[in-house]
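Geometric and topological summary
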Amino acid sequence: MSTQLNTDRYVSFCGIQCDLNAKRFMNLIEDSMQQGQGDARWCDYFRQKREQQARMQQDDLYFIGAQMNNLYAYIDTIGDESLHDMLWQIEQECC
C-alpha cells in the first residue's frame with residue numbers, strides 16, 4: 001500500500017525539502033553556466049549575484065526567491081524544460 005504525502009506550504013512546510021531542492025536547482029544552474037549555456041550576460045549577472053549572496057550569507061532558497069524572474073528568463077534562453085519545471089515546483093512549494 002502506497003501513501004502519498006500531500007504538501008501545502010500554507011499549512012506546513014513538513015514534507016517539503018525546500019533547502020535541498022534549492023541547492024539541487026542552483027547546482028544545476030551553476031553547471032549550465034559553466035558549460036557556457038545561455039547568453040554570457042546572464043552568466044555574468046548570476047556570477048555577480050552569487051558572489052553578493054555569499055558575502056551576505058544568504059541561502060539558495062532566498063537567492064531563488066529574489067531572482068525568480070531572472071532565473072526563468074535565463075532558463076528560457078537555454079530551453080531546459082526540466083530546469084523550468086524544477087524552478088516552478090520550488091516557486092509553488094517554497095516561495
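Quick summary incoming for the structure in this document. On a predicted model such as this, the values are computed, not experimentally measured, just so you know.

Take the environment of Gln-89 next. When you line up the elements, Gln-89 lands in helix α5 (residues 81-94). Residue classification places Gln-89 among the partly exposed positions, given a relative accessible area of 36%. The spacing of Gln-89 and Cys-18 is 71 residues in sequence and 9.8 Å in space, taken between C-alpha atoms.

Once that is clear, we can look at the state of the cysteines. For the coordinates displayed, the defined rule picks out one disulfide. Free of any disulfide, Cys-95 has its nearest neighbouring cysteine sulfur in Cys-94, separated by 6.3 Å. Among the residues examined, Cys-95 registers a relative accessible area of 35% and is labelled partly exposed.

This part takes up the packing of aromatic side chains. Applying the stated rule across the entire model yields five aromatic pairs. Seen in terms of ring centroids, Trp-42 and Tyr-45 are 5.8 Å apart; in terms of plane orientation they differ by 80°. Their pairing is edge-to-face. Placement of the pair is Trp-42 and Tyr-45 together in helix α2 (residues 40-56), with a separation of three residues, close to one helical turn. Owing to a relative accessible area of 21%, Trp-42 belongs among the partly exposed residues under this scheme. Residue class for Tyr-45 comes out partly exposed when judged on its relative accessible area of 25%. Their ring planes at 20° and their centres at 5.7 Å tell us that Trp-42 and Phe-46 sit as a pair that is stacked. Of this pair, Trp-42 and Phe-46 both sit in helix α2, four residues apart, which is roughly one turn of that helix. An aromatic cluster is present here, built from Trp-42, Tyr-45, Phe-46, Phe-63 and Tyr-74 joined pairwise through their rings.

For any two helices packed against each other, one specifies the crossing angle of their axes together with the interaxial distance. Orientation of helix α1 (residues 18-34) relative to α2, taken along the N-to-C sense of each, is 135°, at an axis distance of 11 Å. For the element pair α1 / α2, the angle class is oblique. As α1 runs across α2, the sense of the crossing is left-handed. Taken together, the residues of α2 that come into contact with α1 (itself represented by Met-26, Glu-30 and Met-33) are Cys-43, Phe-46, Arg-47 and Arg-50. Broken down by class, the residue content of the contact of α1 with α2 amounts to four nonpolar, no polar and three charged.

This brings us to α1. Over its 17 residues, α1 extends 24 Å from the first C-alpha to the last, a length consistent with the 24 Å expected when each residue adds 1.5 Å. Against the buried residues of α1 lie α2, α3 (60-66), α4 (68-78) and α5. Two residues or fewer after α1 comes Gly-36, characterised by a positive phi angle close to 80°.

Turning to the side chain of Gln-53, a few remarks are in order. Structurally, Gln-53 can be placed in helix α2. What makes Gln-53 buried here is its relative accessible area of 4%. Looking at Gln-53, its side chain comes within polar contact range of the side chain of Arg-50, at 2.8 Å. If we ignore the near neighbours within four places in the chain, the residues touching Gln-53 are Gln-58, Asp-59, Asp-60 and Phe-63.

Cut-off values and rules
Residues numbered from 1 in each chain as written. Predicted model: local features only at pLDDT ≥ 70, side-chain atom pairs only at ≥ 80, totals over all residues. Heavy atoms only, no water. Helix = DSSP H or I, 4+ residues; strand = E, 2+ residues; numbered from the N terminus. Buried < 20%, exposed > 50% of the residue type's maximum accessible area, 1.4 Å probe, protein only. Disulfide = S-S within 2.5 Å. Phe/Tyr/Trp six-rings, centres within 6.5 Å; stacked < 30°, edge-to-face > 60°. Axes fitted to C-alpha atoms, helices over the stretch in contact; angles between N-to-C directions. Parallel < 35°, antiparallel > 145°, perpendicular 65-115°, else oblique. Left-handed = near helix turned anticlockwise from the far one by under 90°. Contact = heavy atoms within 4.5 Å. Nonpolar A, V, L, I, M, F, W, Y, C, P; charged D, E, K, R; others polar. Expected span 1.5 Å × (residues − 1). Polar contact = N/O pair within 3.5 Å; in protein donor to acceptor, adjacent residues only side chain to side chain.

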